[in-house]
Amino acid sequence: MDKKRSDCPISCSLDVFGDKWSLLVIRDIMLRGKVSYSEFLNSEEKIASNILVNRLGVLESENIVVKEVSLANKSKFVYSLTQKGADLLPIVIEIMAWGAKYNANCPRKELGKKIKKDKAGVIKELSQSLKVKVK
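Residues numbered from 1 in each chain as written. Predicted model: local features only at pLDDT ≥ 70, side-chain atom pairs only at ≥ 80, totals over all residues. Heavy atoms only, no water.

Novice: Would you explain the nonpolar core in this entry?
Specialist: The tendency in soluble globular proteins is for nonpolar side chains to be buried as a group. Core analysis: the largest hydrophobic core is formed by 28 residues, its most contacted members being Ile26, Met30 and Ile64. Of all the secondary-structure elements, those providing two or more residues to this core are helix H1 (9-17), helix H2 (20-32), helix H4 (49-61), strand S2 (77-81), helix H6 (89-102) and helix H7 (110-133). Contact partners of Ile64, with chain neighbours within four places excluded, come to Val16, Phe17, Ile26, Leu59, Ser80, Leu81, Thr82, Lys84, Gly85 and Leu88. (Core = buried A, V, L, I, M, F, W, Y, C linked by side-chain atoms within 4.5 Å. Buried < 20%, exposed > 50% of the residue type's maximum accessible area, 1.4 Å probe, protein only. Helix = DSSP H or I, 4+ residues; strand = E, 2+ residues; numbered from the N terminus. Contact = heavy atoms within 4.5 Å.)

Here you go:
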């Protein structure tokens, strides 16, 4: 990304993946197995189509996701994480844990309960499964 706010590592990171929509797309690929534009569009947060197109483009240009033609349907594209994207897993897990801890309206579902019990184990397990899928 050419435009940055400062040289602070936190600021530089947020310039790449720091808006809520980008993190939700990353979550959907990483934890929910979503791969297509229509699957992202149907997520519970109801992202607008123009914002989704923009965020997918940013994530692709930043080499966090890769876009490929679907093997099952040549007129459809699918998205997957690159290693750079997969490396965000511990951050996504930490954000989930923090959100569940401090927001009573975000109950811990099955994955959240596993994270509370053994965060390091969950990260290790998910990292292994992502290695198989990473482009």
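Novice: Is there a simple way to explain the state of the cysteines in this structure?
Specialist: Disulfide: a covalent bond connecting the sulfur atoms of a pair of cysteines. Inspection of every chain in the model, using the stated rule, returns 0 disulfides. Free cysteine Cys8: the closest other cysteine sulfur is in Cys12, separated by 7.0 Å. The class for Cys8 is partly exposed, based on a relative accessible area of 36%. Overall, Cys12 belongs to the partly exposed group, its relative accessible area being 28%. (Disulfide = S-S within 2.5 Å.)

Novice: Can you help me understand the layout of surface pockets in this one?
Specialist: Remark: the empty space left among the atoms is shown by a probe the size of a water molecule rolled over them. Here the largest pocket defines a volume of roughly 740 Å³. Lining the largest pocket are 21 residues, with Arg27, Arg32, Ile95, Met96 and Cys106 positioned closest to its centre. Contributions of two or more residues to the lining of the largest pocket are made by H2, H6 and H7. In terms of residue count, H6 provides more of the lining of the largest pocket than any other element does, 7 residues in total. The residue inventory of the lining of the largest pocket, partitioned by class, reads 12 nonpolar, 2 polar and 7 charged. (1 Å grid on protein atoms, 1.4 Å probe; cavity = no way out; pocket = protein on both sides within 12 Å on 5 of 7 lines; lining within 4 Å. Points joined across faces, edges and corners; volume = space filled by probe spheres on them. Nonpolar A, V, L, I, M, F, W, Y, C, P; charged D, E, K, R; others polar.)

Novice: Before we go on, may I ask you to explain the packing of H2 against H4 in this structure?
Specialist: Put simply, H2 and H4 touch, their axes get as near as 10 Å, and they point 75° apart. The orientation of H2 relative to H4 falls into the category roughly perpendicular. Between H2 and H4, the residues in contact are Trp21, Ser22, Val25 and Ile26 and Ile51, Leu52, Arg55, Leu56 and Leu59, respectively. (Axes fitted to C-alpha atoms, helices over the stretch in contact; angles between N-to-C directions. Parallel < 35°, antiparallel > 145°, perpendicular 65-115°, else oblique.)

Novice: Is there a simple way to explain the environment of Asn73 in this structure?
Specialist: Mapped onto the secondary structure, Asn73 falls in the loop between strand S1 (65-69) and S2. Engagement of the side chain of Asn73 in a polar contact is seen with the side chain of Ser75, the distance being 2.7 Å. (Polar contact = N/O pair within 3.5 Å; in protein donor to acceptor, adjacent residues only side chain to side chain.)

Novice: Can you help me understand H2 in this one?
Specialist: Side chains of residues three or four places apart in an α-helix project in the same direction, reflecting 3.6 residues per turn. Buried within H2 we find Trp21, Ser22, Val25, Ile26, Arg27, Asp28, Ile29 and Met30. Measuring from the backbone nitrogen of Trp21 back to the side-chain oxygen at the start of H2 gives 3.1 Å, which picks out Asp19 as the cap. Directly after H2, the chain includes Gly33, whose backbone phi takes a positive value near 70°.

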